[in-house]
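So the chains spell out like this:
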Amino acid sequence: MAIIVNIDIMLAKRKMRSKELAEKIGITQANLSVLKTGKAKGIRFETLESICEVLNCQPGDILEYTEE
């Protein structure tokens, strides 16, 4: 996939665990795992906004495009 999800990087920078992020944004740990591994086919803007708010970052810090 040409879209890379960098949630793990942002979690490490913020010294936060996946479980804590999932609780704060109101999704299950399983759904967050699907996002983190890049297996999700899409992400709701509401969810992306919540992630950015909690991690104090921009969408471009989380999503990255690379040519295959």
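Here, every reference points to the structure presented above.
Draft legend 1. The arrangement of the nonpolar core in detail. Counting residues in each nonpolar core, the largest one holds 15 residues, and the members touching the most others are Ile 7, Leu 21, Ile 51, Leu 55 and Ile 62. Elements represented by at least two residues in this core include exactly helix 1 (7–13), helix 2 (18–25), helix 3 (29–36) and helix 4 (45–55). Here this core takes 4 residues from helix 4, the largest share from any one element. Setting aside its immediate chain neighbours within four residues, Ile 51 contacts Ile 7, Ile 25, Leu 35, Ile 43 and Ile 62.

Draft legend 2. Highlighting unusual backbone geometry. A positive phi angle, close to 50°, is found at Lys 15, a residue other than glycine. Within the fold, Lys 15 resides in the loop between helix 1 and helix 2. Lys 15 gets classed as exposed once you look at its relative accessible area, which sits at 77%.

Draft legend 3. Up close: the packing of helix 2 against helix 4. One can describe the packing of helix 2 onto helix 4 by two numbers: an axis separation of 10 Å at closest approach and a directional angle of 120°. It follows from the interaxial angle that helix 2 and helix 4 lie oblique. In the packing of helix 2 onto helix 4, the handedness of the crossing is right-handed. From helix 2, Leu 21, Lys 24 and Ile 25 reach across to helix 4, where they touch Ser 50, Ile 51, Val 54 and Leu 55.

Rules used throughout
- Residues numbered from 1 in each chain as written.
- Predicted model: local features only at pLDDT ≥ 70, side-chain atom pairs only at ≥ 80, totals over all residues.
- Heavy atoms only, no water.
- Core = buried A, V, L, I, M, F, W, Y, C linked by side-chain atoms within 4.5 Å.
- Buried < 20%, exposed > 50% of the residue type's maximum accessible area, 1.4 Å probe, protein only.
- Helix = DSSP H or I, 4+ residues; strand = E, 2+ residues; numbered from the N terminus.
- Contact = heavy atoms within 4.5 Å.
- Axes fitted to C-alpha atoms, helices over the stretch in contact; angles between N-to-C directions.
- Parallel < 35°, antiparallel > 145°, perpendicular 65-115°, else oblique.
- Left-handed = near helix turned anticlockwise from the far one by under 90°.

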